[in-house]
Amino acid sequence: MSHDVHQGAAGQPARKPAVLLIHGFTGSRTAMLPWAQALESAGFDTLCPVLPGHETSWQDMIGRNFSEWILATEQSFDELAATHEQVFVAGLSMGGALALHLATRRNVAGVSLVNPGLVVDSPLAPYTKYLRRVVRSVAPISNDIAKRGADEKAYGRTPVAAVHQLHQLFAQTRSRLGLVTAPVQLFRSTVDNVVSDASVHALTEGLKPGTLAEHHQLLHSKHVATLDYDAAQIFEESARFFHHLAAQATHSPKGRP
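We now turn to the structure provided with this report. (Residues numbered from 1 in each chain as written. Predicted model: local features only at pLDDT ≥ 70, side-chain atom pairs only at ≥ 80, totals over all residues. Heavy atoms only, no water.)

1. Topic: the overall build of the protein
Then, number 1: A tally of helices and strands in the protein yields seven helices and eight strands.
Then, number 2: The C-alpha radius of gyration of the protein comes to 17 Å, within 12% of the 18 Å expected for a compact globule of 257 residues.
Then, number 3: Taken along its principal axes, the extent of the C-alpha atoms in the protein is 55 × 40 × 35 Å.
Then, number 4: Residues classed as buried in the protein amount to 51% of the 257 residues present.
Then, number 5: The contacts of the protein with a sequence gap of at least 6 include a subset with a gap of at least 24, amounting to 75%. (Helix = DSSP H or I, 4+ residues; strand = E, 2+ residues; numbered from the N terminus. Rg over C-alpha atoms; globule rule 2.2 N^0.38 Å. Buried < 20%, exposed > 50% of the residue type's maximum accessible area, 1.4 Å probe, protein only. Contact = heavy atoms within 4.5 Å.)

Right, here's the structure in full:
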């Protein structure tokens with residue numbers, strides 16, 4: 001991973017494009033680092049921030065507002081955009097929702113999503129605002145990975161108050177999907193015990209026709225596919241997708257595809 005951002009001489013925009021990678025809910029950068037490293041090998045600069053309340057303890061997520069996660073991604077994007085003409089965004093799970101939200105508020109060059117969440121599937125989700133006062137945390141659904149021995153280093157508990165924030169983030173993102181103009185690439189695992197097809201349906205129904213440029217099935221992976229058997233497919237296809245969009249923008253009279 002590169003948390004340091006590379007730039008051209010004398011602060012001029014770097015000629016190579018950059019990718020912002022966003023991890024998932026209660027997860028960590030661990031799930032994104034191999035992707036970031038592969039993209040760097042493919043010629044991109046990368047930035048993989050830690051979302052507020054993550055990579056410490058699950059208790060740190062209590063009291064966090066989903067707007068903090070949005071702000072963190074916007075600040076990271078702005079950091080890259082200050083030194084790069086083209087900035088792409090990649091997201092896993094909740095990171096996918098944040099990537100889409102970002103694409104409605106910034107000049108994102110393209111979006112790559114792995115099992116993005118847009119719907120909290122639990123029927124209790126709308127009531128977490130009240131449940132959080134009674135139940136502090138619930139068991140996690142982490143390490144949904146087919147590959148044995150893989151560990152995403154997610155929290156051991158899921159705070160109910162944070163699920164309430166996740167529910168709000170998803171609702172706001174769904175309402176803004178029609179504003180996404182950047183081309184979107186989707187990777188979807190055939191078996192996913194964390195995010196159901198309801199999120200995929202929300203994505204395809206919410207985006208304007210033609211915005212979803214690619215839809216790839218991951219036949220051998222579960223939710224955290226970036227650490228699973230199809231990881232190489234994700235890395236190679238996303239690099240190709242971003243390179244294609246970058247070349248299109250370079251040869252476009254307006255600098256955009």
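Having put the structure on the table, let's press on.
2. As for the layout of surface pockets
Then, number 1: Taken as a whole, the largest pocket spans an internal volume of roughly 730 Å³.
Then, number 2: Residue lining of the largest pocket: 38 residues in total, with F25, I141, T158, V163 and L166 positioned closest to the centre.
Then, number 3: The element best represented in the lining of the largest pocket is helix α5 (residues 160–176), accounting for four residues. (1 Å grid on protein atoms, 1.4 Å probe; cavity = no way out; pocket = protein on both sides within 12 Å on 5 of 7 lines; lining within 4 Å. Points joined across faces, edges and corners; volume = space filled by probe spheres on them.)

3. Description of the nonpolar core
Then, number 1: Of all hydrophobic cores here, the largest spans 44 residues; its most connected members are W69 and M94.
Then, number 2: Mapped by element, the contributors of at least two residues to this core are β1 (18–22), α2 (66–81), β3 (87–92), α3 (94–103), β4 (111–114), α5, β7 (184–189) and α6 (197–206).
Then, number 3: Counting residues per element, this core draws most heavily on α3, at seven residues.
Then, number 4: Excluding anything up to four places from it in sequence, W69 contacts F25, L51, P52, H54, M61, M94, L98, A162, Q165, L166 and L169.
Then, number 5: The next biggest cluster of nonpolar side chains, apart from the first, holds 28 residues, and it includes A36, C48, I145 and V224. (Core = buried A, V, L, I, M, F, W, Y, C linked by side-chain atoms within 4.5 Å.)

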